[in-house]
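# Structural features, examined
Chain by chain, the residues run as shown.
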Amino acid sequence: QVQLVESGGGLVQAGGSLRLSCAASGRTFSNYAMGWFRQAPGKEREIVAGISRVGGSTYYADSVKGRFTISRDNAKNTVYLQMNRLKPEDTAVYYCAGRFGIAAVPDSQSYDYWGQGTQVNVSS
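Below is a short write-up of the structure. Keep in mind the model is a prediction, meaning the values are calculated, not measured.

## Quick notes on the pairing of strand β8 (residues 78–83)
Across the six residues that make up β8, a large majority, five, are buried. As judged from the six bridges shared by strand β3 (residues 18–25) and β8, these two strands associate in the antiparallel manner. The residue of β8 that forms the bridge with Leu18 is Met83. Examined bridge by bridge, strand β7 (residues 68–73) and β8 share six bridges and lie antiparallel to one another. For Phe68, the partnering residue across the bridge sits in β8 and is Met83. Between β7 and β8, which pair antiparallel in sequence order, lie four residues; one of them, Asn77, sits at a positive phi of approximately 55 degrees.

## Considerations on the side chain of Arg38
One can find Arg38 in strand β4 (residues 32–39). A polar atom in the side chain of Arg38 sits 2.8 Å from the side chain of Glu46. A distance of 2.9 Å separates a polar atom in the side chain of Arg38 from a polar atom in the side chain of Tyr94. When sequence neighbours within four positions are dropped, the list of residues in contact with Arg38 reads Glu44, Arg45, Glu46, Val48, Ser63, Val64, Phe68, Glu89, Asp90, Ala92, Val93 and Tyr94.

## Things to note about the state of the cysteines
Tallying each qualifying case throughout the model produces one disulfide. The side chain of Cys22 participates in a disulfide bridge whose partner is Cys96; the two sulfur atoms lie 1.9 Å from each other. Linking Cys22 and Cys96, the disulfide has an S-S dihedral of approximately 40 degrees and is accordingly described as right-handed. Separated by 74 residues along the polypeptide, Cys22 in strand β3 and Cys96 in strand β9 (residues 92–100) bring together distant segments of the chain. According to the relative accessible area criterion, Cys22 is buried, its value standing at 0%.

So, how was this worked out
Residues numbered from 1 in each chain as written. Predicted model: local features only at pLDDT ≥ 70, side-chain atom pairs only at ≥ 80, totals over all residues. Heavy atoms only, no water. Buried < 20%, exposed > 50% of the residue type's maximum accessible area, 1.4 Å probe, protein only. Helix = DSSP H or I, 4+ residues; strand = E, 2+ residues; numbered from the N terminus. Pairing = 2+ DSSP bridges. Polar contact = N/O pair within 3.5 Å; in protein donor to acceptor, adjacent residues only side chain to side chain. Contact = heavy atoms within 4.5 Å. Disulfide = S-S within 2.5 Å.

Rendered as structure tokens:
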């Protein structure tokens with residue numbers, strides 16, 4: 001089992017920044033590719049960003065490219081999502097997820113473990 005705990009959500013004005021963190025415990029963190037997903041009310045869960053298990057490859061949804069940055073510190077068992085130039089449409093519950101394997105993929109069903117989520121609200 002892998003336990004994932006997100007933190008760093010909150011309320012921010014449009015144009016502002018937030019940094020989400022996801023702390024992992026349990027199994028060997030570096031065996032898992034990691035992803036950040038989000039789900040807004042009435043919408044399906046969607047991938048925001050993903051990172052390979054050693055951090056050499058990243059993936060971003062088109063809607064966040066150039067604004068968000070995913071990174072990981074395997075020594076700290078933590079994955080981060082730096083979110084800049086936030087927009088009201090970024091408002092959602094953000095989840096981190098882990099999948100056993102090398103690369104992150106966009107399909108949420110490919111992930112084995114999920115955190116409980118952290119709320120991000122962006123006001124206009």
